[in-house]
Amino acid sequence: MKFAEMNRRRFLQTSAAGALAMASGPSLAQTPEPRRGGLLRIGHSGGATSDTIDPATFAAGPVVTAMLGGVCNNLTEIDAEGNAVPELAESIEASPDATVWTFTLRQGVTFSNGRTLTADDVVASYNHHRGPDTTSGAAGLLEQVVDLRADGPNTVVFELASGNADFPFVTADYHLVIMPDDGSGRIDWQAGIGTGGYTLEEHEPGVRISLRRRPDYWKSDRAWFDEVLLRTINDPTARQNALVTGEVDVINGVDTSTVHLLQRRPGIELVEVTGTAHITMPMFCDTPPFDDVNVRLALKYAIDREEIVRTILRGHGRVGNDHPIAPANRFFAGDIEQRVYDPDRARYHLQQAGLESLQVELSTSDAPVVGGVDAAVLFRESAARAGIDITVRQEPEDGYWSNVWLRKPFCVSYWNGRPTEDWMFSLVYAADAEWNESHWTNARFNQLLREARAELDTDRRAEMYREMQELCRDDGGTIIPAFLNYIDGKNDRVAHGPLASNRFLDGWKIVDRWWSAA
Amino acid sequence: MIHLTRMILQRLALGVLTLFVVSVVIFGAVELLPGDIAQEILGQSATEQTVAALREELGLNDPAHVRYLNWLGGVLSGDFGRSLANGREISSLLASRFGYTLFLAAYAAAIAVPLAITLGVLAALYCNSIFDRLINILSLSAISFPEFFVAYILLYLLSAEHAIFPSIADYGSQASLGEMLYRTFLPAITLVLVITAHMMRMTRAAIVNLLAQPYIEMARLKGLSPARVILRHALPNALAPIINVVALNLAYLVTGVVIVEVVFVYPGLGQLMVDSVATRDITVVQACCLVFASIYILLNLTADVLSIATNPRLLHRGR
């Protein structure tokens, strides 16, 4: 009884803090009328000399911020409330079983080379990510598309292998920007031409990208700046310096260890949203000792989530509940009891598994997430009090995704999260998923996953996703200690409306959505 | 003179051999790193099919020695090839980055070399005086701090607290010379602080060493002023070691300034090479290494030639 009360109180505290943070976000951002003109300078992390504007191998750095939000458009985009809304599409229709999706394109949209957008361009852009020869990061995502065809100049029809009620979210993926068909059914991505509000003036990979506004952009209430300059500044200190000294107006990825110092500077404001990014610690459910659900539960109770949020994230995050669905997601079940650190419960589950003590090895590195090593060490300390002996094995950062992740039975991993429950679950938790990092196969979960995907009734879907979050939490093989906030910094020369929380920099749409304040 | 020409030719031939060895070593070292470019580019979103497709596209399925020979054949015919990561011509990629690196190196050297030699001569002139000690303490303190520390202190004082100089040194593609000099002032000064001490100390030591020689004593006894003794009689004989240390420091300015580039967001060659190692973009890494190694070889050769040219005994030995 006492235990339950304690949980409820803790839960209320954390959810109240979360609600406060979410409520204060939009209200802090005073929204004067957007105005045209000015220059936006962004100090961006994640750029490299190897960057390419090929949508197949986009890296999530300045290239995506420039191409997704500036140069190109998608069929749909994710708005500030987390809904997929039509962008280049004018209307979207699904068949009753959600297997056939018909996108009607907006009329009179032109590329920056003057050509009008047609259905062939959409087909060519999507085929760039399909087929056996593709090198695209979105290839797995589009495997569900069996057939895709132009039906007249303004209609595109997607046929899916099975129903997917969330398909409009898929079309908002950052790889799936629309570029012009070169006449042979391929896109000429080298030209860097799109339907967006800006043209690509200069791209020096890993150094800078400059954009200039098009006078004939089809959205009248977007793309406010005349010019945009994205500088690659990978070093967090240099990035922060650039903001403080006024060399740039906006930076992404503010270092949590110095965020309080930045806050004190006059004229500098933090832009912080709780998104879907989270740390995971997958355990192979088919490998002893993790094949016993009691061992998995023991480890889940042996990690001190509050401490990880407090020390590793310095409060800029939210405790996780061992399922990957974030408050930013539509079907987040906030009423599921929050799991807390409880060494006695951990011992109890060890006994249930018939074990006196437990020895496991946790592979980690700072490659998946900064602080990955520290988080593992904290876990070792809290687990020791529950009689669990964790050996922290620090792996090389280079090649972590190829040599450790999906290879070691217990490791630290990271996900940016996905805008929909189905996408996140299908990608990492479905039994047959290529990235099923915990080798988890739960029949009920997989059945629900298939049913919910094709279910168009929102209430029924919410109920299904609630049960799946519980299954993931109580039976799944993944410890999810924390969700990370996206923290960006801006000065008072730029302004914005309500912020999207699916990515940093206003859902990567800063170039399209923000405007000049001075 | 024939002796000198023969030496230059010999050294150039050896240099080419060195470059070949360097390229083999670098190729082998990058091969030993875990992961290849296909895995690094695709990262967490890699699937077996996409990695295989990318490897096929980039020709990574050939054995290592075949890929090396292909690359070598290209370089010998003057073609550095294309970047594996983004398909750009490596020669144009290198040209723009190398321009940045050379500009900063020349800027720093133009300040540091005259400064160091003047200070060194003055320190020798007033050997063991307060002035000498002060110069020694200051320059040794400057060299003792790691360069990123010096860089951040300068940034804090001259950019964050007093907005005199910009914190980002990248001057863009259409800047005037004045703008370029202004933007790159802080990194240039950082490098000056780091390299001056070395050259200054060597100048001072070389001259002080000579001051005990009988011919210097003779000059003094003739009644020449101390400045004239040092400038006319000691300095010319001390040039060989000074030229060598200057050459070494110039080579450092071109090849070793990655940290300063990162702090001041300056797109030089060092940053290009670090980026390329991280993505296993081996063709770019190789090209950068060749440039770096050539710079070292050429600067060392120049230093040796100048040492001989300034020393009549060595210059005329061949006769």
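Rules behind the numbers
Residues numbered from 1 in each chain as written. Chains lettered and ligands numbered in written order. Predicted model: local features only at pLDDT ≥ 70, side-chain atom pairs only at ≥ 80, totals over all residues. Heavy atoms only, no water. Disulfide = S-S within 2.5 Å. Domains from an automatic or database assignment. Contact = heavy atoms within 4.5 Å. Buried area = accessible area lost by both parts, 1.4 Å probe. Salt bridge = Lys/Arg side-chain N within 4 Å of Asp/Glu carboxyl O. Polar contact = N/O pair within 3.5 Å; in protein donor to acceptor, adjacent residues only side chain to side chain. Nonpolar A, V, L, I, M, F, W, Y, C, P; charged D, E, K, R; others polar. Helix = DSSP H or I, 4+ residues; strand = E, 2+ residues; numbered from the N terminus. Pairing = 2+ DSSP bridges. Axes fitted to C-alpha atoms, helices over the stretch in contact; angles between N-to-C directions. 1 Å grid on protein atoms, 1.4 Å probe; cavity = no way out; pocket = protein on both sides within 12 Å on 5 of 7 lines; lining within 4 Å. Points joined across faces, edges and corners; volume = space filled by probe spheres on them.

### With respect to the state of the cysteines
This model, assessed by the stated rule, comprises 0 disulfides over all chains. Looking at the unpaired Cys289(B), the closest cysteine sulfur is the one in Cys288(B), lying at 6.9 Å.

### Digging into the domain arrangement of chain A
Residue and element names in this part refer to chain A. Each domain of chain A was delimited in the assignment, giving domain 1 (73–193) and domain 2 (276–484). Between domain 1 and domain 2, the contact holds 15 residues from the first and 11 residues from the second. Carbon and sulfur atoms supply 60% of the area buried between domain 1 and domain 2, which totals about 1,000 Å² over both sides. Area buried by domain 1 at its contact with domain 2 is led by Ala 165, Asp 166 and Phe 169, which between them contribute 44% of it. Our count for the contact surface shared by domain 1 and domain 2 stands at 2 salt bridges. Close ionic contact of Asp 166 with Arg 330 constitutes a salt bridge, the shortest N to O distance being 3.0 Å. The tally of links between domain 1 and domain 2 comes to 3 residue pairs in polar contact (both at pLDDT 80 or more). Residues of the side of domain 1 that touches domain 2, tallied by class, amount to 7 nonpolar, 5 polar and 3 charged.

### Structural notes on the domain arrangement of chain B
Residues and elements named next belong to chain B. Domain annotation of chain B identifies domain 1 (2–76) and domain 2 (95–315). Of note, the centres of domain 1 and domain 2, computed from C-alpha atoms alone, are 31 Å apart. Listed as interface residues are 24 residues of domain 1 and, on the opposing side, 22 residues of domain 2. Taking both sides of the interface into account, the surface hidden between domain 1 and domain 2 amounts to around 2,000 Å²; carbon and sulfur atoms contribute 78%.

### Remarks on the interface of chain A and chain B
Contacts between the two partners involve 43 residues from chain A, matched on the other side by 43 residues from chain B. Summed over both partners, the interface of chain A with chain B buries about 3,200 Å², with 51% contributed by carbon and sulfur atoms. Among the residues chain A hides against chain B, the three largest losses belong to Thr49(A), Thr135(A) and Glu247(A). Together they make up 17% of the total. Inspection of the region where chain A meets chain B yields 3 salt bridges. Arg231(A) is paired through a salt bridge with Asp170(B); the nearest N and O atoms lie 3.0 Å apart. Between the two partners, chain A and chain B, sit 7 residue pairs in polar contact (both at pLDDT 80 or more). Top contributing element to the side of chain A that touches chain B by residue count: helix α5 (residues 236–244) of chain A, with 4 residues. In terms of residue class, the side of chain A that touches chain B is made up of 14 nonpolar, 17 polar and 12 charged.

### Topic: the sheet that holds strand β6 (residues 145–150) of chain A
All names here are of chain A. Judged by pairing direction, the sheet is antiparallel, and its 4 strands sit side by side in the order β4-β5-β7-β6 without closing on themselves. Every interior strand has two partners, whereas the edge strands, β4 (89–94) and β6, have only one. For this sheet, the mean angle separating the axes of adjacent strands, direction not counted, is 15 degrees. As paired strands, β4 and strand β5 (residues 100–105) are joined by 5 bridges and run antiparallel to one another. Along β5, the bridge assignment pairs Ala 89 with Leu 105. In this fold helix α3 (residues 119–127) packs onto β5, β6 and β7 (155–160), with an angle of close to 150 degrees to the strand it touches most, β6.

### Some words on empty space enclosed by the protein
The final tally for this structure, using the stated rule, is 6 cavities of 30 Å³ or more. In terms of lining, the largest cavity is formed by 20 residues, of which the most central are Ile78(A), Ala172(A), Asp173(A), Asn502(A) and Arg503(A). Mapped onto the lining of the largest cavity, the elements with two or more residues apiece are β2 (76–78) and α15 (504–508) of chain A. The greatest single-element share of the lining of the largest cavity, amounting to 3 residues, is contributed by β2(A). Of the residues assigned to the lining of the largest cavity, the class counts are 8 nonpolar, 7 polar and 5 charged. Both domains that meet at the lining of the largest cavity, namely domain 1 (73–193) and domain 2 (276–484) of chain A, each give it at least three residues. Those elements giving two or more residues to the lining of the second largest cavity turn out to be α12 (258–263) and α13 (269–278) of chain B.

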